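What follows is the residue order along each chain.
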Amino acid sequence: MPDGEARRRTAAQWDPVRLGVHPAPGPDSTLDLPLTEYLPRPHDETLRQRLARTAATNDAVFVLLVGRSASGKTRAVYEAVAAVLPDWPVVHPADADELIAADIGARTVLWLDETQRYLNGVSGERAARALGRLLDQVAPLAVVGTMWPEHLRRLTESRRDGEDESPYIRALLTRRHAMIAVPDTLSGDTPALAAAAARDPRLAAAVRAAGPGHRVLQHLTGGPELVRRWEMGPDQWFTAPEHAVLTAAVEARRLGHASAVPARLLMEAAAGFMDSTARATAGKEWFPAAIGALTTAVRRHSPAPLIAERHEPGVGDPDSYRPDDYLEQHIRRVRAHRAPPAEFWTGASWARTADDLYAFGRAAEQRRRYGCAAALYEKAVQQGHSRARAAWAVLRETTDGRAAAEETAATDPVAWAALAVSRERDGDRTAAYDAYRHAARAGDVWAWPAMARIREEEGDPAAADAVAALAAAAGQPLAWRTLGRMRAVHGPAAAKAFEQAVGVGDGWGHVGLAQVAERAGDLPEAVEHATRAADAGVTAAWARLVGLHRSLGDPASAVAAATGGADAGNPEGWSLLAQLRHADGDLPGAAAAHREAAALGVGAAWRELALLAESDGDSVAAEEAAAQAVRTGDPEAWTALAESREERGDDTGAAHAAAEAARAGDVEAWITLARGRERAGDAEGAERAADLAADRGSPAAWAALSRMRERAGDRDGSRRAVLRAGALGASDAWTALGRVREELGDTAAAERAYDRGCEAGDTEAYAALGALYLEQGRSAEACAAYRSAVDAGLPDAWEGLLSALAAQAPRATSARTVDRLRTTGLSAGG
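Residues numbered from 1 in each chain as written. Predicted model: local features only at pLDDT ≥ 70, side-chain atom pairs only at ≥ 80, totals over all residues. Heavy atoms only, no water.

### Notes on the overall build of the chain
Applied cut-off: Each helix is a run of DSSP H or I of at least 4 residues and each strand a run of E of at least 2, with the numbering of both proceeding from the N terminus. Note on contacts: a residue pair is in contact if any heavy atoms of the two residues lie within 4.5 Å. In short, Shrake-Rupley with a 1.4 Å probe defines the accessible areas, and a residue's cover is counted only from the protein chains shown. By the counting scheme adopted, Arg and Lys are positive, Glu and Asp are negative, and His together with the chain ends is not counted. Where a charge lies is defined by one atom per residue type, namely NZ (Lys), CZ (Arg), CG (Asp) and CD (Glu).
Scanning the chain from terminus to terminus reveals 47 helices and eight strands. Expressed as lengths along the three principal axes of its C-alpha atoms, the size of the chain is roughly 85 × 70 × 65 Å. For the chain, long-range pairs separated by at least 24 residues make up 59% of all intrachain contacts whose partners lie at least 6 apart in sequence. Accessible surface, the chain as shown: approximately 35,500 Å² in total, 51% of it carbon and sulfur. Across the chain, 96 positive and 116 negative side-chain charges occur, with their mean positions spaced 4 Å apart.

### Structural notes on the sheet that holds strand S6 (residues 261-262)
For clarity, the threshold we go by: Only strands joined by at least two bridges in the DSSP assignment are considered to pair. Orientation is described by axes fitted as lines to C-alpha atoms, over the contacting stretch for helices, and by angles from 0 to 180 degrees between their N-to-C directions.
Strands sit in the order S6-S8-S7 across an open sheet of three strands; the sheet is antiparallel. Here the strands that pair on one side only, and so sit at the sheet edges, are S6 and strand S7 (306-309). Note: S6 against strand S8 (residues 320-323), two bridges, orientation antiparallel. Bridged to Pro-262 within S8 is Ser-320. Sheet strands in contact with helix H12 (residues 240-254) are S6, S7 and S8, and its direction is about 85° off that of S8.

### A few points about the confidence of the model for the chain
Using the following cut-off: How sure the predictor is of each residue is captured by pLDDT, a score from 0 to 100.
For the chain, per-residue confidence averages 91 on the pLDDT scale, and residues scoring 70 or more make up 97% of the total. Ignoring residues within four places in sequence, the model shows residues 1-6, a span with pLDDT below 50, making four contacts including any to other chains.

### A look at the packing of aromatic side chains
We count it as follows: Within 6.5 Å between ring centres, the rings of Phe, Tyr and Trp (the latter by its six-membered ring) count as paired, and their orientation is classed by plane angle as stacked under 30 degrees, edge-to-face over 60, tilted in between. Three labels apply to residues, based on accessible area from a 1.4 Å probe with only protein chains included: buried if under 20% of the type maximum, exposed if over 50%, partly exposed otherwise in between.
The full count for this structure, using the stated rule, is five aromatic pairs. With a centroid separation of 6.5 Å and an interplanar angle of 70°, the aromatic rings of Tyr-370 and Trp-798 are classed as edge-to-face. With Tyr-370 in helix H19 (residues 370-382) and Trp-798 in helix H46 (residues 797-806), this pair connects stretches of sequence that are 428 residues apart. Across the pair, exposure class does not vary: Tyr-370 and Trp-798 are buried alike.

### Observations concerning the sheet that holds strand S5 (residues 179-181)
Ordered in space as S2-S3-S4-S1-S5, the five strands form an open sheet in which the pairing is parallel. Sheet topology places strand S2 (90-91) and S5 at the edges, where each strand pairs with a single neighbour. As judged from the three bridges shared by strand S1 (residues 60-66) and S5, these two strands associate in the parallel manner. Residue pairing for S5: Val-66 is matched across the bridge by Ala-181. With respect to the sheet, helix H6 (residues 149-156) is in contact with S1, strand S4 (141-147) and S5, its orientation differing from that of S4 by roughly 110°.

### Comments concerning the nonpolar core
This is how the line gets drawn: Side-chain atoms within 4.5 Å are what join buried Ala, Val, Leu, Ile, Met, Phe, Trp, Tyr and Cys residues into a set we call a nonpolar core.
Counting 77 residues, the largest nonpolar core has Val-245, Leu-266, Leu-306, Phe-344, Trp-345, Phe-360 and Trp-798 as its most contacted members. If you look at the next biggest cluster of nonpolar residues, it comprises 45 residues, including Leu-612, Ala-654, Ala-690 and Trp-702.

### Remarks on the pairing of S1
For S1, a buried count of seven out of seven residues is recorded, marking the element as mostly surrounded by other parts of the structure. Burial of the side chains of S1 extends over both faces: Ala-60, Phe-62, Leu-64 and Val-66 are buried on one face and Val-61, Val-63 and Leu-65 on the other. Direction of pairing for S1 relative to S4: parallel, over a ladder of seven bridges. Paired with Phe-62 across the bridge in S4 is Val-143.

### Re the packing of H12 against helix H16 (residues 325-334)
Put simply, the rule reads: Working definition: roughly parallel below 35 degrees, roughly antiparallel above 145 degrees, roughly perpendicular at 65 to 115 degrees, and oblique for all remaining angles.
Where H12 contacts H16, the two axes come as close as 9 Å, and the packing angle between them is 75°. The pairing of H12 with H16 is recorded here as roughly perpendicular in orientation. Seen from H12, the contacting residues are Leu-246, Val-250, Arg-253 and Arg-254; seen from H16, they are Leu-327, Glu-328, Ile-331 and Arg-332.

### So, the pairing of S8
On S8, burial covers both faces: Ser-320 and Arg-322 on one face and Tyr-321 and Pro-323 on the other are all buried. Relative to S8, S7 is paired through four bridges, and the arrangement is antiparallel. By the bridge assignment for S8, Ala-308 is matched with Tyr-321.

### Digging into the pattern of salt bridges
What counts, and what does not: Any Lys or Arg side-chain nitrogen located within 4 Å of an Asp or Glu carboxyl oxygen qualifies as a salt bridge.
In total, this model carries 56 salt bridges according to the counting rule given. Here Asp-87 and Arg-107 are joined by a salt bridge, their closest N and O atoms 3.4 Å apart. In this pair, Asp-87 is assigned in the loop between helix H3 (73-84) and S2 and Arg-107 in the loop between helix H4 (96-101) and strand S3 (108-112), connecting sequence segments 20 residues apart. What makes Arg-107 partly exposed here is its relative accessible area of 41%. Of the charged contacts in the structure, one is a salt bridge between Glu-781 and Arg-778, with a shortest N-O distance of 2.8 Å. You can call Glu-781 partly exposed: its relative accessible area is 37%. Classification of Arg-778 as partly exposed rests on a relative accessible area of 24%.

### Focus: helix H40 (residues 700-711)
Each α-helix winds once per 3.6 residues, and so residues spaced three or four apart point in a common direction. What counts, and what does not: Expected span of a helix, by definition, is 1.5 Å for each gap between consecutive residues, and there is one gap fewer than residues.
Compared with the 16 Å implied by 1.5 Å per residue over twelve residues, the 17 Å span of H40 between its first and last C-alpha is a close match. Most of H40 is tucked away: nine of the twelve residues are buried. Among all positions of H40, only Ala-701, Trp-702, Ala-703, Ala-704, Leu-705, Ser-706, Met-708, Arg-709 and Glu-710 are buried. Residues of H40 that are buried in the fold lie against helix H38 (668-679), helix H39 (683-695), helix H41 (715-727) and helix H42 (733-743). Phi for Gly-713, located one or two positions after H40, is positive at around 85°.

### Looking at unusual backbone geometry
At the junction of Ala-139 and Pro-140, the peptide bond is cis and its omega measures out at -5° in the coordinates. Here the bond from Ala-809 into Pro-810 is cis, since omega is -5°, no more than 30 degrees from zero. Of note, Pro-810 is situated in the loop between H46 and helix H47 (811-824). Not every positive phi belongs to a glycine, and Ala-70 is a case in point at roughly 60°. Take Ala-70: it is sitting in the loop between S1 and H3. At Asp-235, a residue that is not glycine, the phi angle is positive and equals roughly 60°. Mapped onto the secondary structure, Asp-235 falls in the loop between helix H11 (223-231) and H12.

This is the structure in C-alpha cells:
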C-alpha cells in the first residue's frame, strides 16, 4: 500500500501486529492466527470514555497506558480505538524524527506504542515539544501511547543536580490525567475468562499455565517460558554464545540504548558475558549462529527471543536486534543491581546515535565507571550531541582537575554553565562565578542573573548592580529582576532594581514594583504598576489586580480585572476571585466565580464547585459538578468528594465517589479509602478498597496497608498485605516496610524486609541495607550492599560506599583507597 494510503488507514485496516499487538501463537508456534477474544477490564472503560469525550467535545487528548510487559496495554488501545474512533485514520510514526515531521490533521489518532522510543535524548525533547504543540493546536485529536512503569519513572524523575534536560518530556508525561494504569492480571471476571478459554485452546493453555497468579496474558504470548529458559543459564536451553548475546541485548536497552541494538555492539559486548571456555570454543561463526538461533521462533508456544530489524537505508539483511519485551523486563529486574562487564562498555561505543552514546555515558558515570563515561561522552561530542560536552567537562573536573575541565568546555556555553552549577554546589563560589562569566560570554543568557545573585549573596551590591547593568546592556533584564526579588525586604533597593528592569523594557519589572508598593501599604501605586504590567502584556498581572482591588474594597474593579485577564488568555483571576469570596464567607459569589473560571477552561474549577456544593449539603449538585469535571478531563473532583465523605463517615457515598473517580482514571481515591478504612478499624473494607485499586493497576493501597498495620503492631496483617502488594508487582513494598520497621527500632525485622526487597529487584533495598549495616559496624557487609546500589546507578550510594570503605581496617589503607576512588571511580569491569 502506498504511503499516502497507509496514513489513511483506520485501526481496523491496520494489521494489529504492525501496531505492536503481541500475537498469541498456536500450539505449533504458528503466529498468523486471529487475535484471541478480547476480555475488557476496568481500565478499558476509562480509556474508551476519554476517547469518546475527545470526539464529542472536539478536544485533544493524550492517553498513556502504563503497565508491565505483556499486560495488554497495546491490545487495549487497539480495541478502544477500533470501537470508539472507527473512522479516524491511525498515524504510526517510526521514530521521533518521523513524528516531528508528520503532518497531523484533526480527527486523527496518533499511535505511539512504546512511547519512550519517541522521547529519548535531544530528538525526544523535540518530539515532546512537537506533541505539546499538536495537543494545543489540533482538535479533535487522540494521541495514544503505552509505556512500562520503569520508563515512565526514568523520563519523569527529577535530576538530583537540579538540572532539567528534558522539560518538554516531563511536561508531556505529567500532563493532567494522561496516565491510565493497567494491571497485568485477568482476575476481574473469571466466568468470562473461563467461557473464552472454552472457545480458544490458546486461552485455555494460558489459563492452565498461569494458575492462581492470574497472569494469563503473559503465558498467552509465551513470555514466562522464555524466562525459564534464560534462567537455566548458558549451555542449557541456550548455548553460551546465545545466552550471552541475549543478555547483552537486554543490558544495552537497560543502560540507555533507545532502539534495537546494532549487531557490532552486541558482538563486542557479548564476549563479556561468556566465560573463558565459552570464548575459546565458540568457533569463528559464533555470532551469526547465535543470531540465527535467537531470531527463530522456538517450539512449544514461545516467541523468538530476539526480533531482527534493519535501520540502515535500503533493503537488506538485519543490522539490529531487540529482545522480547517480557524477557527484557525480567532480565532488567534480576540484573538491576549489577554493572555490566568491561567488554560491554567497549562495545557501547558502537551505539547507533549520539543520544544513545550520551545515555550510555550517563549510565557509566552513575555507576562510577568514570573512564568508560569519559570515552562515551567524547564520542557523543564528536557525533554532535548538544549536552555531552557539558557532562564530559564536569566529569573531567573530578577526574583530571580544573584545567582539563575548562579545556574540555572550550567555547560551549552549556558546558561552562554546567561547570558553574557543579562548582557552586561544591561551595566554590569564586570558581563558579568565573565559569558563569565564561558562559555569559559564550551566549548563555541565564548566566547573568546567576553572576548578579552571587555578588549580592557575597554582600557586594555595587558589584551585583554592575553585573546587572552589563546584562541589561546585552539585552538581558532578568538580572535586575533577580536583584529586585533578593532585595524584597529592603523596599527602596528592590524598587531601584525593578525600575532598572522597567527602564530596559521589561514589563515584569512593573510586577515587581507592584509587589514593593503592596508591601509598603501603598495599594493605589501597586494598582498603577500592575496595570502597566498588564498593558505590557504580562497576563499574570491581571490576577494580582484582582487581589489588589479586593483589598481596596472595590469588588467591581476586581471583577473587571478578572474579565480583562480572561480576555488576555489568563483566566486565573476568576479562580483567585472565587478563593477570596470563599474566604469572606460569600459562598454564592465563590460559586459564581468558579463557574466563570470553569467556562474559561480552568479544570480545577468544577472540582471546587463540587466541594462547595458538598459542604452546603447538596450532594446531587456536587455529583453533577464532579461529572462535569470528568467531561473536561478532571477525575480528581470525584476523588475529592470521596475524601470529604470518608472524613464525614459517609462510607456509602465515599465508595460511590471513589468508584466514579476510578472509572474516570484516578485510582488514588481507592488508595485513600483503603487508608481511611484501615484507620477506622474496618480491615475488611480496607482490603476491598485495596483490591479495587489493584484491579485498576495500582498495588499501592496494599503496600500502604502493610505499613499502617506494621505501625499498629499487626505483624501478621502487615505481612499478608506486603505479600499481596509484591504479588501485584510492587517491588518497593518490602523496602518501604523495612524503613517502617527500622523507625520502630526492630532492625532485625528491617533487615529481613530489605533482603526481600533485594529479591524483588528493588535496588533501593541495597542502599537501605548498606546504611543499616554501616550503622551496626558491619563494614564489609555494608560495602557489598552499597556496591550493589552503586552498580545499580543510585546516586546517593556512592558516598555510602566510600564511608563503608573508610570504616574498614587498616584505616590508613582505607583512607588512601577512598581518596583514589573519589578521583578515578571504579574500574570498568570491577
